[in-house]
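Examination of the molecular architecture
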Amino acid sequence: MIKLSKENIKIILKKSAEFIFNPRLVFCFFIAWMITNGWAYIAMGLGTYYKINWLVAVSGAYLSFLWFPFTPEKIVTIIIAIWLLKAVFPNDKKTLAVLVKLKQKCKEKKEKK
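Let us look at the structure shown here.

Cut-offs applied
- Residues numbered from 1 in each chain as written.
- Predicted model: local features only at pLDDT ≥ 70, side-chain atom pairs only at ≥ 80, totals over all residues.
- Heavy atoms only, no water.
- Phe/Tyr/Trp six-rings, centres within 6.5 Å; stacked < 30°, edge-to-face > 60°.
- Buried < 20%, exposed > 50% of the residue type's maximum accessible area, 1.4 Å probe, protein only.
- Axes fitted to C-alpha atoms, helices over the stretch in contact; angles between N-to-C directions.
- Helix = DSSP H or I, 4+ residues; strand = E, 2+ residues; numbered from the N terminus.
- Parallel < 35°, antiparallel > 145°, perpendicular 65-115°, else oblique.
- Left-handed = near helix turned anticlockwise from the far one by under 90°.
- Contact = heavy atoms within 4.5 Å.
- Nonpolar A, V, L, I, M, F, W, Y, C, P; charged D, E, K, R; others polar.
- Salt bridge = Lys/Arg side-chain N within 4 Å of Asp/Glu carboxyl O.

Quick word on the packing of aromatic side chains
Going through the model one piece at a time under the given rule, you end up with six aromatic pairs. Look at W33 and Y41: their rings are 5.8 Å apart centre to centre, the planes differ by 15°, and that puts the pair in the stacked class. Judged by relative accessible area, Y41 falls into the partly exposed class, the value being 37%. Where F65 meets F68, the ring centres are 6.4 Å apart and the plane angle is 80°; that geometry is what we call edge-to-face. Among the aromatic residues, those joined into a cluster by ring pairs are W39, Y62, F65 and F68.

Describing the packing of helix 4 (residues 73-88) against helix 5 (residues 93-112)
Two quantities define a packed helix pair, namely the angle between the helix axes and the distance between the axes. Direction vectors running N to C along helix 4 and helix 5 enclose 135°, while the axes themselves pass 11 Å from each other. Judged on the interaxial angle alone, helix 5 and helix 4 are oblique. Judged by the twist between their axes, the crossing of helix 4 over helix 5 is left-handed. Each of I82, L85 and K86 in helix 4 lies in contact with helix 5, whose residues at this interface are T95, L96 and L99. Along the lines of polarity and charge, the residues of the contact of helix 4 with helix 5 split into four nonpolar, one polar and one charged.

Regarding the pattern of salt bridges
If charged atoms from side chains of opposite charge come close, those side chains can pair. Summed over all chains, the structure comprises two salt bridges. Among the ionic pairs, R24 bridges to D92, the shortest N-O distance being 3.5 Å. Taken together, the positions of R24 in helix 2 (residues 23-49) and D92 in the loop between helix 4 and helix 5 put the pair 68 residues apart, joining distant regions of the chain. For R24, a relative accessible area of 39% corresponds to the partly exposed category.

Next comes the structure, spelled out in structure tokens:
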């Protein structure tokens, strides 16, 4: 178990920020977000601007579904972003190594139980 001193917290926060704000991961997350959410926001804007009622209705229904508290869309977005990262940037060893290490830790905890 890691002791949570100020130095350890700073190291953890720094490594987390480097992972999350990696330009390749941010790019893949943006594409994944556009697949799961962005199209609906764009469709709502275009439907409202051009007065296309069916487009406003479809995008509005999907957007209202997204705002429910337990929508699995966030999990799906992250899964798509990781898949895109592996597919588009297979040579990004640094980011993929963090994911492999996280996967190993989850397996170890599962085996302990």
